[in-house]
Amino acid sequence: MERTWNNKAWFMVLPVLLLVAFSAIIPLMTVVNYSVQDTFGNNDFFWAGSEWFDEILHSDRFWEAMGRNLVFSAIILIIEIPLGIFIALNMPKKGWGVPVCLVLMALPLLIPWNVVGTIWQVFGRVDIGLLGYSLRALGFNYNYVNDPFDAWITVIVMDVWHWTSLVVLLCYAGLVSIPDAYYQAAKIDGASRWAIFRYIQLPKMNRVLLIAVLLRFMDSFMIYTEPFVVTGGGPGNTTTFLSIDLVKLAIGEFNLGEAAAMSIVYFLIIMLLSWVFYTVMTAYDAEQ
Amino acid sequence: MARIDCNHIRHAYGPHPKSDKDYALKEVHHAFEDGGAYALLGPSGCGKTTLLNIISGLLYPSHGELLFDGKDVTNLSTQERNIAQVFQFPVIYDTMTVYDNLAFPLRNRGVPEPDVDRKVRETLDMTGLADMAKRKARGLTADQKQKISLGRGLVRSDVNAILFDEPLTVIDPHMKWVLRSQLKQLHRRFGFTMVYVTHDQTEALTFAENVVVMYEGEIVQIGSPAELFERPKHTFVGYFIGSPGMNVMPVAVEGRSARLGSQTIELPGAPRAGITGAIELGIRPEYIRLGASGMPVSIRKVEDIGRHKVVRASFEGRDIAAIIGEDEDIPADPKIAFDPAGINIYADSWRVEMGG
Ligand SMILES: Nc1ncnc2c1ncn2[C@@H]1O[C@H](COP(=O)(O)OP(=O)(O)OP(=O)(O)O)[C@@H](O)[C@H]1O
Ligand SMILES: [Mg+2]
């Protein structure tokens, strides 16, 4: 068949292109613009070249925040992925329990970030918060305001509480798509609970798990609102993640050039890490 | 290898069965002899899969019990019953190789690796999968996948029974034939009890020495292919087996004769006195003689299907089919006669014995 090439179709994507340009590309270019200029106020800008990038890449403050982010994301993934799988495996597959569980699971996902932060900020307070007060009453020396370890624990538990549901729901979707015949065959073949998980359930969840890991990684690497509301990045800098630091730099210190350079580096790192995750996991998937 | 007794087994999928309608299996009371090869034949939805799943322990029956060699196994798990079952649609473990798929049931039971290897290779050869042993099972075609499923059933030769649930549906006709004869051969060699579900009558009749016919949740007849053909116990068996199926017509019986419209038909014997309900006469097309003498019919159509011809005619206002030889001609003034050897009488669809 003769193919007809009709370039008019490109006009159809024009609105989307414009939208993307206004919402993403132009703001991004502003950031790029700031990152290569300096100012002494008065809206007077002059060329600074890669100065800001040098500064960022050689700043301990940046690398420490980066380290905290990586540790945080690693802990989150190590807890949320297995926990999510475990909960999904134990959720009912039919009957009245299904909608109940699904609603319970969806609940944390529906709460806005800053509200989640506020909930835990209050919940963990040692004077009026149920959690903080009870822990104190039980004899634990818990205080997220001045103990870095407690602050980390609080932020991590909060994230687990907020986001494990996402992993659960994705895994559950994979699990319910497995036909009954597979479980029947596994019984006939004498498969153990572990073998059923390893050879039937896990392969079916592979794909959704890839998505879950990617989403959770990107999200936790960019985490801002919740720890900011709970700890404000403290005590000291101990829960100051890259995003919190960025805001401090840009708005607190009005250091636009450095903040812009940091944004770009931050953005590139997230892209790079996500790409690495994706390639590694899809390669593994293809090899399977 | 075991004899399997189904004692008054009934099963309903719903929680509160009230009438017979709620039961997927109305009542099955039957023994599968040790080492027997049974074909389970019946239309879609008659409960074949349900019965198999009850035997293998995937389903727990609502009523009744199941015995293996006289031992009650109703409460045993599938694994404890040691039964192999092959399902209607292929089930494979995607991430494993073909070899590992076949080895899986053996390894799960802790069979030593050298034995696993020997059995798996044997099964690979048998199913014609030997050259793809090292491939991942994921990318295979439907019939290759089904062969893997079949192989996983056959790889364990020490089982109490092997249950096949229409295993060859997705396999092409030639391979079907090959696999079927291999199954027969295996059965002779290992002597396991074998139940083979199908809704294809030729498959059932050529495969097994015993054919179990199910209809609406009940076993209506068990017998050799010849018995099913000559003496269908239920009009359903008459319709379902044979091509075309048995002619069944309502009659009035008086002593040794049956009346249909203006015609009187001589019976081979007198049905026992006092039969009630809807009385019908059944005769297979093979037992109807077409010639110059007998009862008048008008012929509507003659189908030449190779070795014989099927004559479709109208007899006393109802359709009737007869089979005649390929070379026989249709007489100008056609008449039919019923061969008494092929006549069966039914009361409410169940066959009535006739005295001599
Ligand atoms: N899981 C189930 N829940 C409820 N009803 C079921 C279930 N499985 C089967 N049934 C019903 O039980 C009856 C018997 O089904 P079964 O699957 O045993 O039939 P079958 O003879 O195997 O049919 P087929 O030839 O189509 O495989 C059918 O009416 C079916 O609708
Ligand atoms: Mg079935």
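What counts and what doesn't
- Residues numbered from 1 in each chain as written.
- Chains lettered and ligands numbered in written order.
- Predicted model: local features only at pLDDT ≥ 70, side-chain atom pairs only at ≥ 80, totals over all residues.
- Heavy atoms only, no water.
- Helix = DSSP H or I, 4+ residues; strand = E, 2+ residues; numbered from the N terminus.
- Phe/Tyr/Trp six-rings, centres within 6.5 Å; stacked < 30°, edge-to-face > 60°.
- Buried < 20%, exposed > 50% of the residue type's maximum accessible area, 1.4 Å probe, protein only.
- Core = buried A, V, L, I, M, F, W, Y, C linked by side-chain atoms within 4.5 Å.
- Contact = heavy atoms within 4.5 Å.
- UniProt positions renumbered as here; feature names shortened; annotations may be inferred.
- Near = heavy atom within 4 Å.
- Polar contact = N/O pair within 3.5 Å; in protein donor to acceptor, adjacent residues only side chain to side chain.
- Nonpolar A, V, L, I, M, F, W, Y, C, P; charged D, E, K, R; others polar.
- Axes fitted to C-alpha atoms, helices over the stretch in contact; angles between N-to-C directions.
- Left-handed = near helix turned anticlockwise from the far one by under 90°.
- Patch = residues over 30% accessible without salt bridge, like charges linked within 9 Å, V, L, I, M, F, W, Y side chains within 5 Å.
- Areas by Shrake-Rupley, 256 points an atom, 1.4 Å probe, with all protein chains shown as cover.
- Salt bridge = Lys/Arg side-chain N within 4 Å of Asp/Glu carboxyl O.
- Pairing = 2+ DSSP bridges.

## A closer look at unusual backbone geometry
Residue and element names in this part refer to chain B. For the bond running from Ser243 to Pro244, omega is -5°, close enough to zero to count as cis. Counting through the fold element by element, Pro244 comes out in the loop between helix 9 (235–240) and strand 11 (247–250). Of note, Asp69 is a non-glycine position whose phi angle comes to about 50°, a positive value. As for its position among the elements, Asp69 is in the loop between strand 4 (63–68) and strand 5 (71–72). In this structure, Ser349 is a non-glycine residue whose phi angle is positive, near 75°. Locating Ser349 in the fold gives a position in the loop between strand 23 (343–347) and strand 24 (350–352).

## Focus: the packing of aromatic side chains
Applying the stated criterion across every chain, the model contains 20 aromatic pairs over all chains. Between the aromatic rings of Phe72 of chain A and Trp152 of chain A, the centroid separation amounts to 6.2 Å while the plane-to-plane angle is 65°, which identifies the pairing as edge-to-face. One end of the pair, Phe72 of chain A, is in helix 3 (residues 60–90); the other, Trp152 of chain A, is in helix 7 (residues 148–176), with 80 residues separating them in the sequence. The pair formed by Phe72 of chain A and Trp152 of chain A is uniform in burial state, with each residue classed as buried. Centroid distance Phe164 of chain B to Tyr196 of chain B: 5.8 Å. Interplanar angle 45°. Geometry classified as tilted.

## Side note on the nonpolar core
Within the largest apolar cluster, 56 residues are counted, with the highest numbers of intra-cluster contacts made by Phe62, Ile81, Ile85, Met205, Phe221 and Leu242 of chain A. Broken down by secondary-structure element, the contributors of at least two residues to this core are helix 2 (51–57), helix 3, helix 4 (97–110), helix 7, helix 8 (180–188), helix 9 (193–221), helix 11 (242–252) and helix 12 (256–287) of chain A. The element best represented in this core is helix 9 of chain A, accounting for 11 residues. If we skip the residues at most four places from it in the chain, Phe221 of chain A touches Met66, Asn69, Leu70, Ser73, Leu242, Tyr266, Ile269, Ile270 and Leu273 of chain A. Grouped together as the second largest cluster of nonpolar side chains are 30 residues, Leu41, Phe164, Tyr196 and Val211 of chain B included.

## A closer look at the UniProt feature "domain: ABC transmembrane type-1" (unreviewed entry) in chain A
Per the UniProt record, "domain: ABC transmembrane type-1" (unreviewed entry) is annotated on residues 66–277 of chain A. End-to-end, the C-alpha atoms of residues 66–277 of chain A are 18 Å apart, and along that stretch the chain is 77% helix and 0% strand.

## Re the site of ligand 1
All names here are of chain B. Close to ligand 1 lie 13 residues; Ser44, Gly45, Lys48, Thr49 and Thr50 are nearest. In this structure, Tyr13 approaches ligand 1 through a side-chain N or O atom, which is 3.4 Å from a nitrogen atom. Within the side chain of Thr50, an N or O atom sits 2.5 Å from an oxygen atom of ligand 1. Tallied by class, residues from the shell around ligand 1 come to 4 nonpolar, 7 polar and 2 charged.

## Considering the packing of helix 3 (residues 98–108) of chain B against helix 5 (residues 142–154) of chain B
Residue and element names in this part refer to chain B. Direction vectors running N to C along helix 3 and helix 5 enclose 30°, while the axes themselves pass 8 Å from each other. Seen from above, helix 3 lies across helix 5 with right-handed handedness. The segment helix 3 lies against helix 5, with Val98, Asn101, Leu102 and Pro105 engaging Ile148, Gly151 and Arg152. Counted by class, the contact of helix 3 with helix 5 contains 4 nonpolar, 2 polar and 1 charged residues.

## Some points on a nonpolar patch on the surface
All names here are of chain A. Together, Trp10, Phe11, Val13, Leu14, Leu17, Leu18, Phe22 and Ile26 make up an exposed nonpolar region whose accessible area comes to about 900 Å². Mapped onto the elements, Leu18 comes out in helix 1 (residues 9–35). Judged by relative accessible area, Leu18 falls into the partly exposed class, the value being 49%.

## Details of the pattern of salt bridges
Considering all chains together, one arrives at 23 salt bridges over all chains under this definition. Of the charged contacts, one joins Arg180 of chain B and Glu203 of chain B as a salt bridge, the two residues approaching to 3.0 Å between their closest N and O atoms. Note that Arg180 of chain B is positioned in helix 6 (residues 173–190) and Glu203 of chain B in helix 7 (residues 201–207), a separation of 23 residues in sequence. In this structure, Arg180 of chain B and Glu203 of chain B share a single accessibility class: buried. The network of salt bridges with common partners includes Glu80, Asp159, Arg216 and Asp219 of chain A.

## Side note on the UniProt feature "transmembrane region" (unreviewed entry) in chain A
Residues and elements named next belong to chain A. Residues annotated in UniProt with the feature "transmembrane region" (unreviewed entry) correspond here to residues 12–36, 70–89, 101–123, 160–183, 208–225 and 264–284. Helix and strand shares over residues 160–183 are 88% and 0% respectively, and the end C-alpha atoms of the span are 31 Å apart. Secondary structure content for residues 208–225 is 83% helix and 0% strand, while the C-alpha to C-alpha distance between its ends is 26 Å.

## Details of the sheet that holds strand 16 (residues 279–283) of chain B
Residue and element names in this part refer to chain B. Strand order in the open sheet made by the 4 strands is 11-16-23-24, with antiparallel pairing throughout. Bordering the open sheet on either side are strand 11 and strand 24, each of which pairs with just one other strand. Between one strand and the next, the sheet's axes are offset by a mean angle of 40°, whatever the strand orientation. Judged from the 5 bridges that link them, strand 16 and strand 23 form a sheet pairing that is antiparallel. In the strand pairing of strand 23, Leu281 is matched with Ile345.

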